[in-house]
Amino acid sequence: MTDGFTMDADWLAFHPNPARPDFGPPAGAVDAHCHVFGPGDHFPYAPERKYTPCDAGRDRLFALRDFLGFERNVVVQATCHGTDNSAMVDALIHSGGKARGVAAVAAGVTRSEIAAMHEAGVRGVRFNYVKRLVDPKPDLLYRRIIDLVAEFGWHVVIYFEAADLAEKWDFFTSLPTIVVVDHMGRPDVTKSLGDPDFARFLRLMERGNIWAKVTCPERLSRSGPPGYDDFVPFAREVVGRFPDRVLWGTDWPHPNMAMVGHMPDDGWLVDMIPRIATTAELQRKLLVDNPMRLYWPEAAP
Ligand code: 0GY
């Protein structure tokens, strides 16, 4: 590990030497949820952040992409960089067209700022409702942002806790764009598939414009690595029912895992894919067709 670390970090470092996965992703596979952080001395972390991640620059991300057998990345802005998207945009610009991005923007973002990010490869905006990560903001603020980004064909990524979906239901279902739910809306995977909170999330998915990332076993599982077995039925259910509106990603470099207490091996995460998407066709949709349609429609198969 050569990246430097910030002094006040409460990070766990990403796995320095992940296993080479047995599962070979199909040609053109996209890691559709990952991040870049810093390096902090070049791209400072946001003063209002709730955690400080380990530095994890673009070159490490691109090396991991190649090692795991993927061709493209979708780099998602995380709260520790606030609404300064410089590190993410820098990664897109240096990716040779192999990365697209999802930004977090301030209330006063301008049309020309959105246009510049679009030019760099940003295709979505993320609204984060997880209270341990952000202070709540009024829906009105988000509505203005949606009006701006919809003109560019961007979608909205939402991140929330399962228990908060009921309260946000009317707002989420009023959104006019494609809406991508991070980490399946964070189900409690110790419960059954019939749990009311998960049932509510599945009802949300029944709306044609809602997509989901079947991601983050390392955050959601209580049974833990290497198999994260309790996570699997939930992800498999979502992939099986909504095969054309699901995405997968590593979540590298797995920020804020100190609270969970372990750092996953990215090779093991890739080896979970055939347990979640159980046929070659489902795997192709999850890893290639769906993310290409959303992020590289001009090159989609
Ligand atoms: C993730 C999950 C987390 C962090 C963030 O924006 C963020 O800081 O999304 C988390 O702590 O659950 O997707 O990276």
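In this report, the structure presented in the accompanying data block is examined. None of the values given here were measured: they were computed from a predicted structure.

Analysis parameters
- Residues numbered from 1 in each chain as written.
- Predicted model: local features only at pLDDT ≥ 70, side-chain atom pairs only at ≥ 80, totals over all residues.
- Heavy atoms only, no water.
- Pairing = 2+ DSSP bridges.
- Helix = DSSP H or I, 4+ residues; strand = E, 2+ residues; numbered from the N terminus.
- Contact = heavy atoms within 4.5 Å.
- Buried < 20%, exposed > 50% of the residue type's maximum accessible area, 1.4 Å probe, protein only.
- Right-handed = clockwise from strand over helix to strand, strands pointing away.
- Axes fitted to C-alpha atoms, helices over the stretch in contact; angles between N-to-C directions.
- Parallel < 35°, antiparallel > 145°, perpendicular 65-115°, else oblique.
- Nonpolar A, V, L, I, M, F, W, Y, C, P; charged D, E, K, R; others polar.
- Near = heavy atom within 4 Å.
- Polar contact = N/O pair within 3.5 Å; in protein donor to acceptor, adjacent residues only side chain to side chain.
- Areas by Shrake-Rupley, 256 points an atom, 1.4 Å probe, with all protein chains shown as cover.
- Salt bridge = Lys/Arg side-chain N within 4 Å of Asp/Glu carboxyl O.

Looking now at the sheet that holds strand β4 (residues 122–128). Strand order in the open sheet formed by 8 strands is β1-β2-β3-β4-β5-β6-β7-β8, with parallel pairing between adjacent strands. Each end of this open sheet is capped by a strand with a single partner; those strands are β1 (30–34) and β8 (246–247). The pairing of β1 with strand β2 (residues 72–76) spans 3 bridges and is parallel. Each residue of the ladder has a partner; that of C34, found in β2, is V75.

Quick look at the side chain of Q283 now. Structurally, Q283 can be placed in helix α11 (residues 280–295). The residues contacting Q283, other than those within four sequence positions of it, are F23, P26, I273, P274, A277, T278 and V288.

Of the two faces of strand β7 (residues 210–213), both are covered, the one formed by I210 and A212 as well as the one formed by W211 and K213. By the bridge criterion, 3 bridges tie strand β6 (residues 179–181) to β7 in an arrangement that is parallel. From the neighbouring strand, V181 faces β7, where its bridge partner is A212. Taken together, β6, helix α6 (residues 196–205) and β7 constitute a β-α-β crossover, and its handedness is right-handed.

It is worth spelling out the packing of helix α5 (residues 165–173) against α6 at this point. For the pair α5 and α6, the least separation of the axes is 11 Å and the interaxial angle reads 5°. One finds that α5 runs roughly parallel with respect to α6. Of the residues in α6, those touching α5 at L165, A166, W169 and T173 are R200, F201, R203 and L204. Looking at the contact of α5 with α6 residue by residue, the classes come out as 5 nonpolar, 1 polar and 2 charged.

As a further point, take the site of the ligand. Around the ligand, 16 residues are found, and the nearest of them are H35, Y51, T79, Y159 and H183. One nitrogen or oxygen atom from the side chain of H183 is found 2.7 Å from an oxygen atom belonging to the ligand. In isolation the ligand has 350 Å² of accessible area, and contact with the protein removes 100% of it. Per-class residue counts for the shell around the ligand are 5 nonpolar, 6 polar and 5 charged.

Let's shift gears to the environment of H118. The residue H118 is located in helix α3 (residues 111–120) in this model. Relative accessible area serves as the criterion here: at 22%, H118 is assigned to the partly exposed category.

What follows covers the pairing of β1. Within β1, 5 of the 5 residues are buried, which leaves it mostly tucked inside the rest of the structure. Considered for its hand, the β-α-β crossover made up of β1, helix α1 (residues 58–68) and β2 is right-handed.

We now examine the pattern of salt bridges. Enumeration according to the criterion identifies 20 salt bridges in this entry. Put simply, R126 and D182 hold a salt bridge, and the shortest N to O gap is 2.8 Å. Residue R126 is located in strand β4, and its partner D182 is located in the loop between β6 and α6; the two are separated by 56 residues in the primary sequence. In this pair, the class of R126 matches that of D182, namely buried. Here D289 ties to R284 by a salt bridge, and the two come within 3.1 Å at their closest N and O atoms. Note on D289: relative accessible area 18%, which makes it buried.

Any functional reading would require information beyond the geometric quantities listed.
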